[in-house]
Amino acid sequence: MKGSNKLLLPLANKTVIEHVVDTIALSKVGEIIVVSGHQADLVQKVLQNRSAKIIKNTNFHTGMTSSIQTGVHAVSSNSRGILLFLSDLVFIESSELNDLVDVFDSSLWQDRKVIISPSFQGQSGHPVIFSAYYRSHLLQHQEPEGCWGIIQQNMDHLRQVPMDTDHVLQDIDTETDYQKAVQQFNTRQKKCLLQAKADFPILQRKINGKPLIYLDNAATTQKPKQVLESLISFYEQHNSNVHRGIYKLSEEATSLYEGARHKVAKFIGAPSSQSVVFTRGTTESINLTAFSWLKPRLKKGDRILVTEMEHHSNLVPWQMVARETGAQLHYLPITKQGTLDLESLDALLAPNTSILAVSAVSNVLGTVNPIRRLVELAHRHNIPVLVDGAQAVARQKVDVETLGCDFFAFSAHKMYGPTGIGVLYCKPQYQQEMQPFMGGGGMIEEVLEQESSWAEYPWKLEAGTPPVDEAVGLSAAIDYLQEMGLELIWAHEQDLTDYALQKLTQIPGLQVHGPLGTAERAGVISFQIGTIHPHDVAQVLDDDGIAVRAGHHCAQILMNRLGVHATVRVSFSLYNDYSDIDLLAESLTKALQLFE
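Basis of the calculations
Residues numbered from 1 in each chain as written. Predicted model: local features only at pLDDT ≥ 70, side-chain atom pairs only at ≥ 80, totals over all residues. Heavy atoms only, no water. Salt bridge = Lys/Arg side-chain N within 4 Å of Asp/Glu carboxyl O. Buried < 20%, exposed > 50% of the residue type's maximum accessible area, 1.4 Å probe, protein only. Axes fitted to C-alpha atoms, helices over the stretch in contact; angles between N-to-C directions. Helix = DSSP H or I, 4+ residues; strand = E, 2+ residues; numbered from the N terminus. Parallel < 35°, antiparallel > 145°, perpendicular 65-115°, else oblique. Contact = heavy atoms within 4.5 Å. Nonpolar A, V, L, I, M, F, W, Y, C, P; charged D, E, K, R; others polar. Pairing = 2+ DSSP bridges. Core = buried A, V, L, I, M, F, W, Y, C linked by side-chain atoms within 4.5 Å. Lys, Arg positive; Asp, Glu negative; His and termini not counted. 1 Å grid on protein atoms, 1.4 Å probe; cavity = no way out; pocket = protein on both sides within 12 Å on 5 of 7 lines; lining within 4 Å. Points joined across faces, edges and corners; volume = space filled by probe spheres on them. Expected span 1.5 Å × (residues − 1).

Enquirer: Explain the pattern of salt bridges to me, using residue names and the numbers behind them.
Expert: Going through the model one piece at a time under the given rule, you end up with 19 salt bridges. R280 is the salt-bridge partner of E284, the closest N and O atoms lying 2.6 Å from each other. Classification of R280 by relative accessible area gives exposed; the value is 63%. Linked by salt bridges that have partners in common, K197, D577 and D580 make up one network.

Next up, the structure:
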């Protein structure tokens, strides 16, 4: 167990062991028993909010065989879970960890002789994961090579997880080794993101003779060439309508369209592709929920609970159905720090509350809301929850089953995909209750003179010619995000946000709204400079080639709560860097000199 403390080293925004356990937990394989040595207490502390059971091997100094014996005695003979033995695991990239999800298929655990190991087949520095069904064989194994001996003897049953040697740093036993590892990891991350900037053709433009610095990513992100090329390829090679033509092009287009649905479901952790409805964007997804599911259930006096930080897309649809049914909107307030006032939540979760609608990340304050906790509190009162995930999906790994939300809405254009397509995830228990929002071709089963019957969910909610090319572009955007690594993107954005907050708060008269640290904030910062109107600030920035947003950001309720009419907003993405922030600060100082 030498070096097991290296599992506590940081990988992006989590420690390595957190990444490993979270990845295993995503597949719901059952009980997770983690066997550790002298660092078991620290591992227990790190994993205290997770469902893993930590077992301490007091004889760790004798080698991995003693860990195997400790682990197998801690698991029941009929367990469907896993045993995870910790060794010198250090700095495995998130993309490789995500591959574990595919490996942890439920059918895998029916075979008593299943071992999961990286493709290194016995080299140190990696987790060794056994099916608990393999318990009897493990109990019999006494050879000194421990786990590695079992792996070598049972190659026919080995499930290998691909890991590139460039992404794993082994044998870190000194502080010097650790610092070297951190430097290599950071260098790899920066190189990856610097190369990404070249993927976006629009960033080669000049505005007013100056290089474009795009800082309006909360409104829409720019599109990498991989997404643009996917759209061109579709129109050049596969353009056809879907679901209807019995010819090659239509079959190809249908495969691409439904393949995109499957990819979206996997991307957000949905149980099946049929949980995914394609819409025109987050706004339509929320309207679809409001009118197709909620409105038929609303009656006078019912309550709809939203928050003071919501985008108009997550307010106006609820106002419309409330006005038509006699229901009322109630608002969960925010604190002075720009976070949700959770102490007020219990009182607002009244028995006649029909739904809680909340954004995962505020498009103004950047506040990252505790969605899982909100869902748990709402579900205690049997209140379903819709999550506006528009600002989250390009920044954080989303798993709708882990979050527990009932509805989840987002748009492709905020995650490097095309405009004109969005997604609504709906829990299976509500799918049959959703009635068609629009009628037309593609959503019917049979049409008679006076009435019609509908196709199955989700197709009954997708009337007319669907956004086939946009779905192809969304699929390519997901590929791009996964190639870059959401954990990498999040860590980069947190780094930029921390740097920007330091730079901006040094400018005289500049007031930042929302959390001042990055613990509860994504890469969105709204601010004001003295008495200068935000539109004037934005104009000065545009003169310098810097694109920001100025106005109320479709969040007038929040503006009223903040006591302002408008703010300047900057929002970061994977293609932004320190130099963008430095030039932003210089241009803001210029604006201050011009107007004050």
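Enquirer: So what's going on with the packing of helix α8 (residues 225-238) against helix α9 (residues 248-268)? Which residues, and what values?
Expert: With their axes 10 Å apart at the nearest point, α8 and α9 run at an angle of 155° to one another. Relative to α9, the element α8 is oriented roughly antiparallel. Contact with α8, carried on its side by F234, Q237 and H238, involves L249, E252, A253 and L256 of α9 and no other residues of that element. The residue inventory of the contact of α8 with α9, partitioned by class, reads four nonpolar, two polar and one charged.

Enquirer: Tell me about the sheet that holds strand β22 (residues 524-529), and please be specific about residues and values.
Expert: Pairing is antiparallel in the open sheet, where four strands are placed in the order β21-β22-β25-β24. Every other strand in the sheet has two partners, leaving β21 (510-513) and β24 (549-551) as the edge strands with one partner each. Pairs of neighbouring strands in the sheet enclose a mean axial angle of 30°, with direction left out of account. Where β22 and strand β25 (residues 567-571) come together, four bridges link them in antiparallel fashion. Paired with V524 across the bridge in β25 is S571. Lying over the sheet, helix α17 (residues 486-504) contacts β21 and β22, oriented at roughly 5° with respect to β22.

Enquirer: An account of the pairing of strand β5 (residues 82-85) is needed here, citing residue identities and associated values.
Expert: Alternating positions in β5 separate into two faces, I82 and L84 on one and L83 and F85 on the other, with burial throughout. Where strand β3 (residues 32-36) meets β5, four bridges bridge the pair, whose relative direction is parallel. Note on β5: the bridge partner recorded for V34 is L84.

Enquirer: Please set out the nonpolar core residue by residue, giving values where relevant.
Expert: Ranked by internal contacts, the top residues of the largest apolar core, which has 72 residues, are F278, F408, M415 and L474. With eight residues, helix α16 (residues 468-484) is the single largest residue contributor to this core. Sequence-distant contacts of F408, that is, excluding residues within four places in its chain, are made with V387, G389, V393, V398, V400, L403, V423, L424 and Y425.

Enquirer: Pulling in residues and values, what's your account of the side chain of D469?
Expert: Among the secondary structure elements, D469 is positioned in helix α16. The side chain of D469 sits in the buried core without any salt bridge; K223 is the nearest counter-charge, 13 Å away. Not counting residues up to four positions away in its chain, the partners in contact with D469 are L231, F234 and Y235.

Enquirer: Could you give an account of the sheet that holds strand β13 (residues 303-307), with specific residues and numbers?
Expert: The sheet built from seven strands is open, its strands ordered β12-β18-β17-β16-β15-β13-β14 with mixed pairing. The sheet terminates laterally at β12 (276-279) and β14 (328-332), the two strands that pair on one side only. On average, each strand axis in the sheet is inclined to that of its neighbour by 20°, with strand direction left out of account. Pairing of β12 with strand β18 (residues 422-426) involves four bridges; the strand directions are antiparallel.

Enquirer: Outline empty space enclosed by the protein, listing residues and values.
Expert: The gaps of empty space that remain are located by a probe, the size of a water molecule, rolled over the atoms. Inspection of every chain in the model, using the stated rule, returns five cavities of 30 Å³ or more. Of the voids in this model, the largest cavity is the one considered here, and its volume is about 90 Å³. Broken down by class, the residue content of the lining of the largest cavity amounts to six nonpolar, four polar and three charged. Each pocket or cavity is described by its volume, and for the second largest cavity that value is around 60 Å³. Along its surface, the second largest cavity is lined by N241, V242, H243, R244, G442, W459, E462, G464 and P466. Along the lines of polarity and charge, the residues of the lining of the second largest cavity split into three nonpolar, four polar and two charged.

Enquirer: Tell me what's going on with α9, and back it up with residues and numbers.
Expert: Given a rise of 1.5 Å per residue, 21 residues ought to cover 30 Å, and the 30 Å separating the end C-alpha atoms of α9 matches this to within 8%. Restricting attention to buried positions, one finds in α9 the residues S250, A253, T254, Y257, A260, R261, V264, A265, F267 and I268. Phi turns positive, to about 75°, at G269, one or two residues after α9.

Enquirer: Please give an account of α17 that cites residues and values.
Expert: Over its 19 residues, α17 extends 26 Å from the first C-alpha to the last, a length consistent with the 27 Å expected when each residue adds 1.5 Å. Along α17, 14 of the 19 residues are buried, which leaves the element largely enclosed by surrounding structure.

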